[in-house]
Amino acid sequence: MTGMPPREPRPGPEPGPRPRPELELEPEPSSEPVVDARGLRCPLPILRLAQALTGQSPGSTVTLLATDPAARTDVAAFARMRRLTLLETVERGDHTAYRVLIPDLIGSPTPPAGQPSLT
Amino acid sequence: MANTSCDGLWAGLLDAATGALHPAASASLRELDPSLWLEPTALHSGSRRARQALDQARERIAHGLGVRPEEVSFTPSAATALRLGMAGLGYAGRRRGARVVTSAVERAVILQPARYAAARSGDPHSHEAVPVDHLGRIDLEAWATAVAAPGTAYAVLQSANGEVGTRQPLEQAWAATQAHGIPLLVDASASLGRDASPEHFDVLAGDAQSWGGPPGVGVLVVRTGTRFRRDAPPSGIEQGRSDDPLVIPLVVAAAAAWDAVAQERYNEAAAAAHLIDQIRAAASAVPEVDVVGDPTDRLPHIVTFSALLADGEELVRQFDRRGFAVGSGSACTSSTLEPSHVLAAMGALTHGNVRITLPLAAASPDRAATVAAFCAVLPDVVAEVRAQLSAGGAS
């Protein structure tokens, strides 16, 4: 996490996740939401990603930027549990970008309670 | 937690990987013959009593493990036994090469030295960590390929995983190492006394704590005929396999616990497995909770689950506040802030993780009631911690 701007581990309420077109390392189309969770620790990056996905329609994608080593495992596990598709994981020097797709024909992002979601 | 059992153990203890002494071990220490503190190699009669007590303890544990007493060495811990085992097999097999094969879910005491040696040698392939499936079980095909690679000195595999409980296919893994003349070191430190003793190994390491013995007693078994040699001057201690003198009263207490646990094991394991089933059911009834590990082919007393969008540290704290001591493999609960390598290797969710290790019923008579109470509060605790997170961590 060297070189990262200092961040509060538990920041207070602020406006919801939104596109961050000011980020220089951003090859995604500017209409795609990018969640910047750099410097945040588990489970906050996943929480931010989940919040950004809420209200997105099937077929859309969200990109998460994170430095937390636990995100590597947890984004994939989150995608499995919520039946999302992890399109790509890209190392970008000091952080990693995860691009997640909401597949079509998904009723609710929440899988049925009590179902083991392991494949 | 003011509630204590007669042995002073917390009634809410559900994190008993260490520290839950069997009453037979406590009794052995309480009623100790003071001559057992004497140096066992001296010629006077007190020393002889210490020596005899040690010999008896060794025979009882060897019998329980299905090996010969002279194959058993006691060490100060399982970690020491594992290090000595790796060193002895590595040095004896050095002409074959320096390559070491492990699973990806071995304990850090195995993985870290193996990675360190590989990094130092400049050959990253000199350590291969064989991957596991989503249940935590090794890929046997990958294992067979890995142990067949030239230059392999030895392989290490756990009997079962101490974090998620999944048993490893030791018989097939050992057959693969046998086929290539490679010795297999089995880490049984999570399973001895709680599960059937492993039969398929060349070298075995364990810890008396897994069967309710005191800390300070590791076990190293080297099967006769195994090429095993230390890169060290001759030692007169423990068949020349250790440099650390024993604390005989601890070994005697460990043997007393072993005898008691061996007698109770079938019923104890069935009861523990039933309680773990209850926890598994209660956890999987909560939405978006991943119950990790094999549901049936597992150690009877261990379960791990991860709750999506919950903070592992906060879960541990909230359970503690209600009188339940649980563990966690989440990054936020570890000193390194790295998540459990076992959960990561399985592709399991690492945040919101709770790990249960049941004490023996003999050490914790209220165990069943504790588990029932735990299952009753589980959904509320998860909901509360989730609500707290989305309120506090809302963006």
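Asks: Hey, could you go over the nonpolar core for me, with residue numbers and the actual values?
Replies: All names here are of chain B. Within the largest apolar cluster, 58 residues are counted, with the highest numbers of intra-cluster contacts made by Leu-65, Phe-74, Trp-143, Trp-211 and Val-221. No other element matches the 9 residues that helix α7 (residues 248-284) contributes to this core. Each of domain 1 (5-22 + 265-394) and domain 2 (23-258) accounts for three or more of the residues forming this core. In this structure, Ala-283, Val-291, Val-326 and Leu-378 belong to the second largest nonpolar core, which totals 28 residues.

Asks: Describe the packing of aromatic side chains, naming the residues involved and giving the relevant values.
Replies: Residues and elements named next belong to chain B. Taken as a whole, this structure holds 3 aromatic pairs over all chains when the rule is applied. With centroids separated by 4.7 Å and ring planes inclined at 35°, the aromatic side chains of Phe-319 and Phe-374 adopt a geometry described as tilted. Taken together, the residues Phe-319 in helix α8 (residues 312-321) and Phe-374 in helix α10 (residues 367-392) connect sequence positions 55 residues apart. Neither Phe-319 nor Phe-374 differs from the other in exposure class; each is buried. Where Phe-324 meets Phe-374, the ring centres are 5.6 Å apart and the plane angle is 75°; that geometry is what we call edge-to-face. Of this pair, Phe-324 sits in the loop between α8 and α9 (341-346) while Phe-374 sits in helix α10, placing them 50 residues apart in sequence. The pair formed by Phe-324 and Phe-374 is uniform in burial state, with each residue classed as buried.

Asks: Could you give an account of the sheet that holds strand β8 (residues 289-292) of chain B, with specific residues and numbers?
Replies: Residue and element names in this part refer to chain B. Sheet architecture is open: 3 strands sit in the order β8-β9-β10, paired in antiparallel fashion. Two strands bound the open sheet, and with one partner strand each, they are β8 and β10 (353-357). Put simply, the sheet's adjacent strands are angled 20° from each other on average, direction ignored. With 5 bridges joining them, strand β9 (residues 302-307) and β10 adopt antiparallel strand pairing. When the bridges of β10 are listed, Ser-306 appears paired with Asn-353. Packed onto the sheet, α7 meets β8, β9 and β10 and runs at close to 10° relative to β9.

Rules used throughout
Residues numbered from 1 in each chain as written. Chains lettered and ligands numbered in written order. Predicted model: local features only at pLDDT ≥ 70, side-chain atom pairs only at ≥ 80, totals over all residues. Heavy atoms only, no water. Core = buried A, V, L, I, M, F, W, Y, C linked by side-chain atoms within 4.5 Å. Buried < 20%, exposed > 50% of the residue type's maximum accessible area, 1.4 Å probe, protein only. Helix = DSSP H or I, 4+ residues; strand = E, 2+ residues; numbered from the N terminus. Domains from an automatic or database assignment. Phe/Tyr/Trp six-rings, centres within 6.5 Å; stacked < 30°, edge-to-face > 60°. Pairing = 2+ DSSP bridges. Axes fitted to C-alpha atoms, helices over the stretch in contact; angles between N-to-C directions. Contact = heavy atoms within 4.5 Å.

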